[in-house]
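In case you want the letters, here they are:
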Amino acid sequence: MSKYFGPLRQLGYVVRDIDSALKYWIDVVGVGPFFFVEDQPLNDFLFRGEPSAPRFSVALAHSGSAQIELIQQHNNEPSAFREFTDRGLEGLQHVAYWTTDFDRHLTESKQRGLVELQSGRSGSGAPDERFVYFEESAYPGTVVELSEVSGRKGNLFRAIEAASQGWDGSDPIRDMRKVL
């Protein structure tokens, strides 16, 4: 439990081959079902304060209350994900906290000295689908994401978590666009 953000809600893995990563998480770890989107919609994306247009696939599943996110970037646009793989890394890139009080948490984070790395709005691009990633410390995989879950994105995340409860291994990869 974070005294600043509450419970840790997501582990974000940046991978070079999302199909292989999905196979590993499903067949070896037994986590699922995963909800997959080939081209994650982004709006108002900024990386290090500059507009960028990364294209990436995302797969989401739950293990208990922790969401597992797999991300594969498909182009060379600047992003925290591209920067991570350019350093020769693959695996855990960020941890995320969810909030319905985004503005307060963002202000408090900046007051504590966290530096914005990338930000934008995901999904439909609604005003309540904001996210921000803060610079990592000296340890790879320690980027902190703050993700707003007030609206449709929150409903999506709850539906994905509900699908994991009692999952019997069937239909392990599902279309994220069909959840809501």
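Notes on the structure follow. For every chain, the first residue of the written sequence is number 1, and numbering continues from 1 onward in sequence order. Local features are withheld for residues below a pLDDT of 70 in this predicted model, meaning they are given only at 70 or higher, and side-chain atom pairs are given and counted only at 80 or more; totals for whole chains, interfaces and linings count all residues. Only hydrogens and water are set aside when side-chain values are computed; all heavy atoms of the structure are taken into account.

### Topic: the overall build of the chain
Then step 1. Across its full length, the chain holds 4 helices and 11 strands.
Then step 2. For 180 residues, the compact-globule formula gives about 16 Å, and the C-alpha radius of gyration of the chain, at 15 Å, lands near that figure.
Then step 3. What makes two residues a contact is simply this: any of their non-hydrogen atoms within 4.5 Å. Sequence-distant contacts in the chain: of pairs separated by 6 or more residues, those separated by 24 or more amount to 64%.
Then step 4. Shrake-Rupley sampling with a 1.4 Å probe provides the accessible areas, and residues are treated as covered by the protein chains on show and by no other component. On the chain, roughly 8700 Å² of surface is accessible, and the fraction owed to carbon and sulfur atoms is 51%.
Then step 5. When charges are counted, Lys and Arg are positive and Asp and Glu negative, with His and the chain ends excluded. To locate a charge, the coordinates of NZ of Lys, CZ of Arg, CG of Asp or CD of Glu are taken. Taken as two groups, the 19 positive and 26 negative side-chain charges of the chain have centres that lie 3 Å from each other. Labels follow the DSSP assignment, with helices taken as runs of H or I lasting at least four residues and strands as runs of E lasting at least two, numbered in each case from the N terminus. Every radius of gyration here is taken over C-alpha atoms, with the globule rule written as 2.2 Å times N^0.38, N being the number of residues.

### Focus: the environment of Ser-150
Then step 1. Of note, Ser-150 is situated in the loop between strand E10 (143–148) and helix H4 (152–164).
Then step 2. For the pair Ser-150 and Phe-102, spaced 48 residues apart in sequence, the C-alpha to C-alpha distance is 9.0 Å.
Then step 3. With near-sequence residues (within four places) excluded, Ser-150 lies in contact with Thr-99, Thr-100 and Asp-128.

### Examining helix H1 (residues 18–29)
Then step 1. Exposure classes here rest on a 1.4 Å probe applied to the protein chains alone. A residue is buried below 20% of its type maximum, exposed above 50%, and partly exposed in between. Burial in H1 covers these residues: Ile-18, Ala-21, Leu-22, Trp-25 and Ile-26. Along the axis of H1, the buried positions cluster into a sector of 120°, meaning they face one direction only. Exposed residues pointing more than 90 degrees away from the buried face of H1 are listed as Asp-19, Lys-23 and Val-28.
Then step 2. On the buried face of H1, the contacting elements are strand E1 (10–14), strand E2 (34–37), strand E5 (56–63), strand E6 (66–73) and strand E11 (173–175). Directions are taken from the helix axis to each C-beta atom, and the arc is the one they span.

### Comments concerning the pattern of salt bridges
Then step 1. For this analysis, a salt bridge means a side-chain nitrogen from Lys or Arg found within 4 Å of a carboxyl oxygen belonging to Asp or Glu. Enumeration according to the criterion identifies 15 salt bridges in this entry.
Then step 2. The residue Asp-39 makes a salt bridge to Arg-55 at a minimum N-O spacing of 2.3 Å. Separated by 16 residues along the polypeptide, Asp-39 in the loop between E2 and strand E3 (42–47) and Arg-55 in the loop between strand E4 (50–51) and E5 bring together distant segments of the chain.
Then step 3. The partly exposed category is assigned to Arg-55, whose relative accessible area is 40%.
Then step 4. The closest approach of N and O atoms between Asp-101 and Arg-104, which form a salt bridge, is 2.7 Å.
Then step 5. By relative accessible area, Arg-104 is classed as partly exposed at 40%.
Then step 6. Each of Arg-48, Glu-83 and Glu-135 takes part in one network of salt bridges that share partners.

### Looking at the packing of aromatic side chains
Then step 1. Stacked, tilted and edge-to-face are the three classes assigned to paired rings of Phe, Tyr and Trp, where Trp is represented by its six-membered ring and a pair needs centres within 6.5 Å; plane angles under 30 degrees give stacked, over 60 edge-to-face, the rest tilted. Counted under the stated rule, the structure contains 8 aromatic pairs.
Then step 2. Aromatic side chains Tyr-24 and Trp-25 sit 6.3 Å apart centroid to centroid with 90° between the ring planes, which places their arrangement in the edge-to-face category.
Then step 3. When its relative accessible area of 46% is taken as the criterion, Tyr-24 is described as partly exposed.
Then step 4. A residue is classified by how much of its surface remains accessible, and Trp-25, at 14% relative accessible area, is buried.
Then step 5. Each residue in the set Phe-45, Phe-56, Phe-81, Phe-131 and Tyr-133 is aromatic and connected to the rest through ring pairs, giving one cluster.
Then step 6. Criterion for a charge above a ring: Lys NZ or Arg CZ within 6 Å of the ring centre, and within 35 degrees of the ring normal. The ring of Tyr-4 carries the charged tip of Arg-112 above its face, separated from the ring centre by 3.6 Å.

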